[in-house]
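Reading the structure
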Amino acid sequence: MKLLSFIPVLVVGVLLLYAAKDFPEWGSLDAPASKSPVSSHFIANTGVDTEVPNMVTAVLADYRGFDTMFETVVVFIAGMAVLAILKNSGRKKLVKREFEVDAEPDLIVTNTVRLLVPVIQIFAFYVLAHGHVSPGGGFQGGVLMGASFILVALSWDLETALIRFPFNWTTILGGLGVFLYAGIGLLSMFLGGEFLDYSELANIFTVSREMARYHAMLGVEIGVGLTVTAIMFSLYANLSTEGRHQRGL
Amino acid sequence: MMENAIAWILIFPLFGSVACAILGMGNKKLCYPIAVLSMAGSLWGGIETLRQVIASEVHTVSYIFGGWTLDNYPRGVGIEFHADILGILITLVVLGVGFIVAIYSKLPVQDETPNKESLFYTLFLLQITGLAGICLTGDAFNLYVLIEVAALTGYGLIAMGSKRAEAATFNYVILGTIGASLYLLGVGYIYIKTGTLNMVGIHDVIVANGLADSATMQVAFVLVGIGILIKMAFFPFHAWLPNAYCNAPTVTSSLLAPLVTKVMIYVMIRMVLSVFGVEFSFESTLWVDVMPWLVVVAIICAAVMALAQREIKRMLAYLIVAEVGYMVGGVWIYNYYGLIGSIFHVISDACMTLCLFLGAGLILRKAKTTHFDGLRGLFSKMPLTMTGFFIGGFSIIGLPPTCGFFSKWYLITGGMVSQRWEYMVVLMFSTMVMVVLFFRLIERIHLAVSESGENLGHGHGDLGLTKEQTRFDEGPLSMLIPLLLAATVVLVVGIYNQDIVNLIEIFLDEFNLPKGVSH
């Protein structure tokens, strides 16, 4: 069987190598991807169109904001699907599993985490808010924020973390994040533009059309951050306890 | 409102799903009306867009998200929704099926997935969002994102079924991910050679730079093609489908079976005709020579496996695999009529599969089994359900005036004029198999013959059942009406086939496809 599955791997590998003989030169200015009007437009006009210095953020959250909205939806779906599969519908018996231990949380670990978590969370806000000018944004900020709650669950137990972040809030915040993103898009549509045309928000906020895009991007990044935070924690809570939300690892 | 109709198609189910997730947690009774209403709104958007597409001079509606209009910015800066006649027709199929299944879903969802209604409807509506988006998008990468949306919701929806559904879903996850990854890899290669992700843009660059002989593009075509074939459960890659659809909850299988494979066939047609272009796909690759023979193998194997099944849902699952073979064949015989048949068959197959799965769901609910042995006397017990079910069945066989007759007619015409006799013969063969399948079912229901052939009754008209077992006992109206609606659609699409074919012809006329032998 192992040998059999080696054959398709080999075929795909040979195909990929064969394709490489026709590649444009590495980093060449004549490569189609560098020459195309689309990339030239991004490089020359991102600042003009959106006032955002970080080109990657502008492409992600504005030029191709529709993709990013659905990426957020994908994260949301992942959380909902895992919950749907594992949700305890009263059938499963509550039995203790062998890897669950009754030991008290470790003193050194909990005290270190006590110091770490606030720093991680402030850094998460920084990464989220500075996505415009430096590497970062909603996904990265959300992952950091979610990780801080998982850290609490790992060093105490899941129940302690669930006191700080009740489980129902993961679904609400996850949905709210998608709602915030799509809602900003819908609002700009009601103001007369296309869906997700943030520049129309200049009609209700006293800023230029470019700055409206700038600020709306922060708005959608916050939406992304909310969803990613909530779903990260929801996935951990579900997977570590098979959907029972008790004790955990 | 009107100019944004195409965006509303996705906005309604997207916001509906968020509402189901948040509001449904508190009050799960809200989910069903939210789902039906958002599907109705979405359907309105689809019909309005169809009207706009037909009214426009070039028969396309182009909608660019984020206000990056073509007047001020180069094509491909923003993400485009590019609805031509093909796209909007398939979108309407998706939305129509979604609407009918949403109405149907009330009781089965309550009974089969208790306490999970809000999650079920959240995933249900996002599934429709993904599938409708796939049909409308004009951006190769956006297509991938939407395929992921549709696939992930599909995994969740299927796994909510019986215990065995979870194992089946795992298979589906593995194969689905391989398919999607191959597609993504292909899109990456396309981007390397063309520098754009916009479908119209890709096609323009391929023509302008003469990329037909480029090794990278050839490999990209193979990767994209195989990725899509895995996703649509084309014969050697079909292993995930039967188990997944059999063990899924009733509503899931009624939604996914008519749509997922058909939408992927749409993606193949879109890639072949609009993205790579006729010249690239048919003239400079070997697929035209190879694919029809693979189709022959696929249809024969799937039909024979369908014949071996003793359980309605499993039999239908193998029928889907056979039907996928029909449509793939219709594309790769490289013929104008074959493509009309393929596109029309996407529409009619979705309608009739919907009919059959809705019927199977009702049978399962009332007779508690979908095994052939438990069906005796069902015609007197549930006459309306069985009528609806068999209208779908007759359409699969291809009896006029159901829509299946007309789409198969075009497929066979295509096989004949392009002199692809192997494809034509295999179509005939599989039609025979389907006749056997459905008339055997009718026999099971009407005659008192058991699985082993022993006679249980005492003569004609005597089914060996007590009065109690044959008393009129129809399914609930909320499930029966959608089934009858679906059966009506099968007949209406069949009767108005000429109007639909006229629309498809408008779409195909710009591609200069051969109307006779291609080589």
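Parameters and conventions
Residues numbered from 1 in each chain as written. Chains lettered and ligands numbered in written order. Predicted model: local features only at pLDDT ≥ 70, side-chain atom pairs only at ≥ 80, totals over all residues. Heavy atoms only, no water. Helix = DSSP H or I, 4+ residues; strand = E, 2+ residues; numbered from the N terminus. Rg over C-alpha atoms; globule rule 2.2 N^0.38 Å. Buried < 20%, exposed > 50% of the residue type's maximum accessible area, 1.4 Å probe, protein only. Areas by Shrake-Rupley, 256 points an atom, 1.4 Å probe, with all protein chains shown as cover. Lys, Arg positive; Asp, Glu negative; His and termini not counted. Charge placed at Lys NZ, Arg CZ, Asp CG, Glu CD. Contact = heavy atoms within 4.5 Å. Buried area = accessible area lost by both parts, 1.4 Å probe. Salt bridge = Lys/Arg side-chain N within 4 Å of Asp/Glu carboxyl O. Polar contact = N/O pair within 3.5 Å; in protein donor to acceptor, adjacent residues only side chain to side chain. Nonpolar A, V, L, I, M, F, W, Y, C, P; charged D, E, K, R; others polar. 1 Å grid on protein atoms, 1.4 Å probe; cavity = no way out; pocket = protein on both sides within 12 Å on 5 of 7 lines; lining within 4 Å. Points joined across faces, edges and corners; volume = space filled by probe spheres on them. Pairing = 2+ DSSP bridges. Phe/Tyr/Trp six-rings, centres within 6.5 Å; stacked < 30°, edge-to-face > 60°. Lys NZ or Arg CZ within 6 Å of the ring centre and 35° of its normal. Axes fitted to C-alpha atoms, helices over the stretch in contact; angles between N-to-C directions. Parallel < 35°, antiparallel > 145°, perpendicular 65-115°, else oblique. Left-handed = near helix turned anticlockwise from the far one by under 90°.

**Examining the overall build of chain B**
From N to C terminus, chain B includes 22 helices and 2 strands. Over its C-alpha atoms chain B spans a radius of gyration of 23 Å, differing by no more than 12% from the 24 Å that the globule rule assigns to 519 residues. With respect to the principal axes defined by its C-alpha atoms, chain B has extents near 75 × 60 × 40 Å. Among the 519 residues that make up chain B, the fraction classed as buried is 66%. By element, 65% of the accessible surface of chain B is carried by carbon and sulfur atoms, the whole surface being about 16900 Å². Mean positive and mean negative side-chain charge positions of chain B (27 and 33 charges, respectively) differ by 12 Å.

**A word on the interface of chain B and chain A**
Counting residues at the interface gives 62 residues for chain B, matched by 54 residues for chain A. Of the roughly 5100 Å² buried at the junction of chain B and chain A (both faces included), carbon and sulfur atoms supply 75%. Among the residues chain B hides against chain A, the three largest losses belong to Phe15, Trp68 and Leu119 of chain B. Together they make up 12% of the total. Between the two partners, chain B and chain A, sit 2 salt bridges. In this structure, Asp22 of chain A engages Lys193 of chain B in a salt bridge whose closest nitrogen and oxygen atoms are separated by 3.5 Å. Where chain B touches chain A, the interface holds 12 residue pairs in polar contact (both at pLDDT 80 or more). Secondary structure elements with two or more residues in the side of chain B that touches chain A: helix 1 (5-26), strand 1 (60-64), helix 5 (117-136), helix 6 (140-159), helix 7 (163-194) and helix 9 (215-231) of chain B. Classifying every residue of the side of chain B that touches chain A by side-chain character gives 39 nonpolar, 17 polar and 6 charged.

**Some points on the layout of surface pockets**
Left-over empty space is what a probe sized like a water molecule reveals as it rolls over the atoms. Computed from the structure, the largest pocket encloses a volume of approximately 820 Å³. Taken together, 26 residues line the largest pocket, and the ones lying closest to its centre are Pro8 of chain A together with Leu182, Ile226, Ile230 and Phe237 of chain B. In terms of residues, the lining of the largest pocket owes the most to one element, helix 1 (residues 2-20) of chain A, which gives 6 residues. Of the residues contributing to the lining of the largest pocket, the split by class is 24 nonpolar, 2 polar and no charged.

**Concerning the pairing of strand 2 (residues 80-84) of chain B**
Residues and elements named next belong to chain B. Taken across its 5 residues, strand 2 has 5 buried, putting it largely inside the fold. Where burial is concerned, the two faces of strand 2 agree: the one with Glu80, His82 and Asp84 and the one with Phe81 and Ala83 are both buried. Inspection of the sheet shows strand 1 paired to strand 2 by 5 bridges, in the antiparallel sense. Pairing of Ile64 across the sheet is with Glu80, part of strand 2.

**Overview of empty space enclosed by the protein**
Residues and elements named next belong to chain B. Under the definition given, this model contains 5 cavities of 30 Å³ or more. When its volume is computed, the largest cavity comes out at roughly 100 Å³. The set of elements that each furnish at least two residues to the lining of the largest cavity consists of helix 5, helix 6 and helix 11 (250-275). For the lining of the largest cavity, the leading source of residues is helix 6, giving 4 residues. The residue makeup of the lining of the largest cavity, split by class, is 9 nonpolar, 2 polar and 1 charged. Quantified by volume, the second largest cavity comes out at close to 70 Å³. Looking at the second largest cavity, the residues that line it are Phe221, Val224, Gly225, Ile228, Met268, Met271, Val272, Phe276, Trp287 and Trp332. Counting residues per element, the ones that place at least two in the lining of the second largest cavity are helix 9 and helix 11. No other element matches the 4 residues that helix 9 contributes to the lining of the second largest cavity. Residue composition of the lining of the second largest cavity, grouped by class: 9 nonpolar, 1 polar and no charged.

**Digging into the packing of aromatic side chains**
Evaluated as defined, the whole model comprises 39 aromatic pairs over all chains. With centroids separated by 6.0 Å and ring planes inclined at 80 degrees, the aromatic side chains of Phe120 of chain B and Tyr121 of chain B adopt a geometry described as edge-to-face. For the pair shown, Phe120 of chain B and Tyr121 of chain B are each scored as buried. Judged by centre distance (5.4 Å) and plane angle (40 degrees), the rings of Trp287 of chain B and Trp332 of chain B are tilted. In this pair, Trp287 of chain B is assigned in helix 13 (residues 287-307) and Trp332 of chain B in helix 14 (residues 312-332), connecting sequence segments 45 residues apart. Comparing Trp287 of chain B with Trp332 of chain B, the two get one shared label, buried. The rings of Phe221, Phe276, Phe280, Phe282, Trp287, Trp332 and Tyr334 of chain B are connected pair by pair, giving a single aromatic cluster. A cation over a ring is seen here: Arg213 of chain A above Trp68 of chain B, with NZ or CZ 3.9 Å from the ring centre. Positioned above the aromatic ring of Tyr336 of chain B is the side chain of Lys515 of chain B, whose terminal nitrogen or guanidinium carbon lies 4.3 Å from the ring centre.

**Description of the packing of helix 5 (residues 65-86) of chain A against helix 9 (residues 167-190) of chain A**
All names here are of chain A. Following both chains from N to C, one finds helix 5 and helix 9 inclined at 160 degrees, their axes separated by 10 Å at the closest point. When the axis of helix 5 is compared with that of helix 9, the two are roughly antiparallel. Helix-helix and strand crossings are classified by hand; for helix 5 and helix 9 the assignment is left-handed. Contacts between helix 5 and helix 9 involve Gly65, Thr68, Met69, Thr72, Val73, Phe76, Met80 and Leu83 from the first element and Phe167, Thr171, Gly174, Gly175, Val178, Tyr181 and Ala182 from the second. Grouping the constituent residues of the contact of helix 5 with helix 9 by class yields 9 nonpolar, 6 polar and no charged.

So yeah, pure geometry; function would need other evidence.
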